[in-house]
Amino acid sequence: MKIILKRLKKRNKLSYISFWIIIFLYLSALLADLISPYPYNKQFRDYPLCPPTRIHFFDYNRKFHLRPFVYEIRLVNPALNKYEIVKEKKCPIYFLVKGERRKILGLFYSDRYLFGTKEGKVFLFGTDIHGRDIFTRILYGARISLSIGIIGVSISFFLGFLIGGISGYFGGKIDNFLMRLVEIFMMFPSFYLMLSLRAVFPLNLSSFQIYLLIVIILSLIGWAGLARIIRGMVLSIKEEEYILAARALGLSTFRIIFKHIIPNTFSYTITAITLSIPGYILGESALSLLGLGIQEPYPSWGNMLSVCVGNLRVLSNAPWMLTPGFFIFLTIICFNFLGDGLRDVLDPKNW
Amino acid sequence: MKKILELKNIYVGNEEIKILKNINFEVKKGEVLSIVGESGCGKSMTLRTIIKLLPKNIKILKGKILFNELDITEIQDMERIRGKEIGIIFQEPSSYLNPLFTIGNQIEEAIKNEKSKKLCKEKVFKILQEVGLPENVYYLYPHQLSGGMQQRAMIAMAIVNNPFLLLADEPTTALDVTTALGIINLLKNLVATHNLSVIFVTHDISLARFISDTIIVMYAGFIIEKGTSEEIYNQPLHPYTKKLINCLPEKYRKRERILTIEGEVPSLKNLPSGCPFSNRCDFKIDICEKYLPGEIKFENRIVRCFKYGNIVES
Ligand SMILES: Nc1ncnc2c1ncn2[C@@H]1O[C@H](COP(=O)(O)OP(=O)(O)OP(=O)(O)O)[C@@H](O)[C@H]1O
Ligand SMILES: [Mg+2]
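The structure displayed is predicted, hence computed values, not measured ones.

Asker: How do you make sense of the side chain of arginine 231 of chain A when you look at a structure like this?
Answerer: Residue and element names in this part refer to chain A. Here arginine 231 shows up in helix α7 (residues 207-237). Reaching out from arginine 231, the side chain makes a polar contact with the side chain of aspartate 175 at a distance of 2.6 Å. Residues in contact with arginine 231, not counting those within four places in the same chain, are Gly164, Ser167, Gly168, Asp175 and Met179.

The structure is reproduced here in structure tokens:
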């Protein structure tokens, strides 16, 4: 692992940086409870569609303050969502400020927040129609959107390795049967398959059930193509002479499959894993966009974006509502770069 | 001396193709036996029969393989024997090493009955030294080694468990002459130090003479001649062996044309009913095309030719 990172750093800077951005995103998602300045469903009725708050070190008199502060803002025109800065009212930002009690990481309760103001509000990325802090919701939404990728990929790769590996190694009737099954799954255009699978289940499920459902649907769509490719690779690798040599050394079948055949698919599969994670993030967004995904008030990047769709007023007056889109983009780009880099680095011939 | 391995009446193939036919030979402790013959005559198949790693569609049809008095054709868990009691090395070392793992890693994997990691590693360093590789090879990947070093690494893997028998399938064919000689000398040393028995497959009969005690000549899946290496080289009996030796470059002076054996090896799928060499043989008589000659024994020699007696294969 360490060696791979070192090589990545040396050979492909871009993918090395991407790796750390991804780690950063996942850590922020994990620690959303600790970082976010507000609870994710807290609605500030007086601040709908509030633009991102600017954080200042200098006030209007050009005086420097060591402690950063924000100006209080006030809604002046509710119809047009026009806000005005109250110049007299400086609200310094404090660490560990008091707020509403909430549970942290499901472990303990606390009423302290990492940062915040005593009066006034900090909305780093602005607020949505209901006056909820978008920064907070992106942090919580990342939990859904980012974990769906990882869990979905794990499930479909598990299935892919299992089915593809068995199919390729044992061949014959088993292979024939499994591959026909795979073809059935591959026959449907994945988007319709996704919709019809979703349609099988009732609409009024709990958030957690929907989450599970989405993960399962997405991995059911993803595994088939993978199984096919892994089968092909196993098929050709098992004919390699080093596999014959491994058998001549008296290694067990189990060991040969898992130590010699599967690792030789890694230069492809690890890349494929990183490159397919974006598909899951987008899949979740697509379902949420159609209102079939994670339901309000719980945020996911997809359902946060879905509010903007077809709503011109939002798009023209409150472009900050699109920040989740930026994060989806960032994640996908990073995974793509990482995948590219790993492909180079995982092949010993390139060292 | 004690017999390590004995093949009795071995037939290998399937319904369509008979690759090995009535193979009989034995290997004693510390003996080096060479198998020579043209490409496709079944040399590699003989080795793969002994460790029971035949292609999927090919089976042992008949016969016994006694290895230390145990019939290999009947046992199920060959894993117990492969690598531990019989080691094997191949022609093209680069493709027989897993490209993903370091040499050290792969030799360690070959080691049986050694639980402690540290002792395992020590053993690897010892064996590396024994096959003449520097210690740092432990950390290198196969593609970072030259062909000769790769072959030495393969040999290290094959002998690390101190097997009784080493099967070497043209281990020097892919190497240049000096590297090849290095490997041959290494094998000779190992035979002496480990009291190893070796079956050495090659198509180079003078190399076979140099390294081995006994030579077997194969043709189209038959053993057509067997004898000590000096006998085979100096007084070949079978017309095929004679021609083979006549083709050796060292038998010729400068600017002379080297003779070749005319004609084609018959395809294994439709062998003639008579002697498989009859279409290329200068001493052909009527019976050669009708019947298959059986094995004629002179003391320790065996030859399969009607020139030396009228024994017909049943
Ligand atoms: N899977 C297979 N099915 C059918 N015939 C096979 C199969 N594998 C090998 N053979 C045949 O078995 C014969 C013997 O092959 P073998 O590899 O033992 O030859 P060889 O003497 O080692 O030749 P070389 O010097 O080229 O290595 C060949 O004629 C080949 O056509
Ligand atoms: Mg061969």
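Asker: I'm lost on the site of ligand 1 in this one. Help?
Answerer: All names here are of chain B. Of all residues adjacent to ligand 1, which total 15 residues, the nearest are Ser39, Gly40, Lys43, Ser44 and Met45. One nitrogen or oxygen atom from the main chain of lysine 43 is found 2.9 Å from an oxygen atom belonging to ligand 1. Between ligand 1 and the protein, one listed contact pairs an oxygen atom with a backbone N or O atom of methionine 45 at 2.9 Å. Burial of ligand 1 by the surrounding chains reaches 68%, relative to a free accessible area of 640 Å². Among the elements that take part in the shell around ligand 1, helix α1 (residues 43-50) stands out by supplying three residues, more than any other.

Asker: Explain the sheet that holds strand β2 (residues 18-28) of chain B to me, please; I cannot follow it from the model alone.
Answerer: Note: strands within a sheet are paired through backbone hydrogen bonds, in either parallel or antiparallel orientation. Residues and elements named next belong to chain B. The strand order across the open sheet formed by four strands is β2-β1-β4-β5, and the pairing between neighbours is antiparallel. At either margin of the open sheet sits one strand with a lone partner, and together these are β2 and β5 (70-71). Together, β1 (3-13), β2 and β4 (59-67) form the strand contacts of α1, whose direction differs from that of β2 by roughly 65°.

Asker: Would you explain the sheet that holds strand β4 (residues 108-117) of chain A in this entry?
Answerer: Residues and elements named next belong to chain A. Strands sit in the order β1-β2-β3-β4 across an open sheet of four strands; the sheet is antiparallel. Whereas interior strands pair on both sides, the edge strands pair on one side only; in this sheet they are β1 (56-58) and β4. Averaged over all pairs of adjacent strands, the angle between strand axes in this sheet comes to 50°, irrespective of strand direction. Bridging between strand β3 (residues 82-104) and β4 involves eight bridges; their strand directions are antiparallel. Opposite lysine 98, over in β4, you have arginine 112 as the bridge partner.

Asker: How should the packing of aromatic side chains be read in this particular structure?
Answerer: The description of two aromatic rings rests on the distance between their centres and on the angle between their planes. Summed over all chains, the structure comprises 32 aromatic pairs over all chains. Taking 4.9 Å as the distance between ring centres and 45° as the angle between the ring planes, the aromatic pair formed by phenylalanine 254 of chain A and phenylalanine 258 of chain A counts as tilted. Taken as a pair, phenylalanine 254 of chain A and phenylalanine 258 of chain A lie in helix α9 (residues 253-261) at a separation of four residues, close to a single helical turn. Given the relative accessible area of 61%, phenylalanine 254 of chain A is considered exposed. Each residue in the set Phe115, Phe125, Phe135, Trp301, Phe326 and Phe327 of chain A is aromatic and connected to the rest through ring pairs, giving one cluster. The positively charged end of arginine 102 of chain A is found above the aromatic ring belonging to tyrosine 113 of chain A, 3.8 Å away from the centroid. Between the NZ or CZ atom of lysine 62 of chain B and the centre of the ring of tyrosine 11 of chain B, over which it lies, the distance is 4.6 Å.

Thresholds applied
Residues numbered from 1 in each chain as written. Chains lettered and ligands numbered in written order. Predicted model: local features only at pLDDT ≥ 70, side-chain atom pairs only at ≥ 80, totals over all residues. Heavy atoms only, no water. Helix = DSSP H or I, 4+ residues; strand = E, 2+ residues; numbered from the N terminus. Polar contact = N/O pair within 3.5 Å; in protein donor to acceptor, adjacent residues only side chain to side chain. Contact = heavy atoms within 4.5 Å. Near = heavy atom within 4 Å. Areas by Shrake-Rupley, 256 points an atom, 1.4 Å probe, with all protein chains shown as cover. Pairing = 2+ DSSP bridges. Axes fitted to C-alpha atoms, helices over the stretch in contact; angles between N-to-C directions. Phe/Tyr/Trp six-rings, centres within 6.5 Å; stacked < 30°, edge-to-face > 60°. Buried < 20%, exposed > 50% of the residue type's maximum accessible area, 1.4 Å probe, protein only. Lys NZ or Arg CZ within 6 Å of the ring centre and 35° of its normal.

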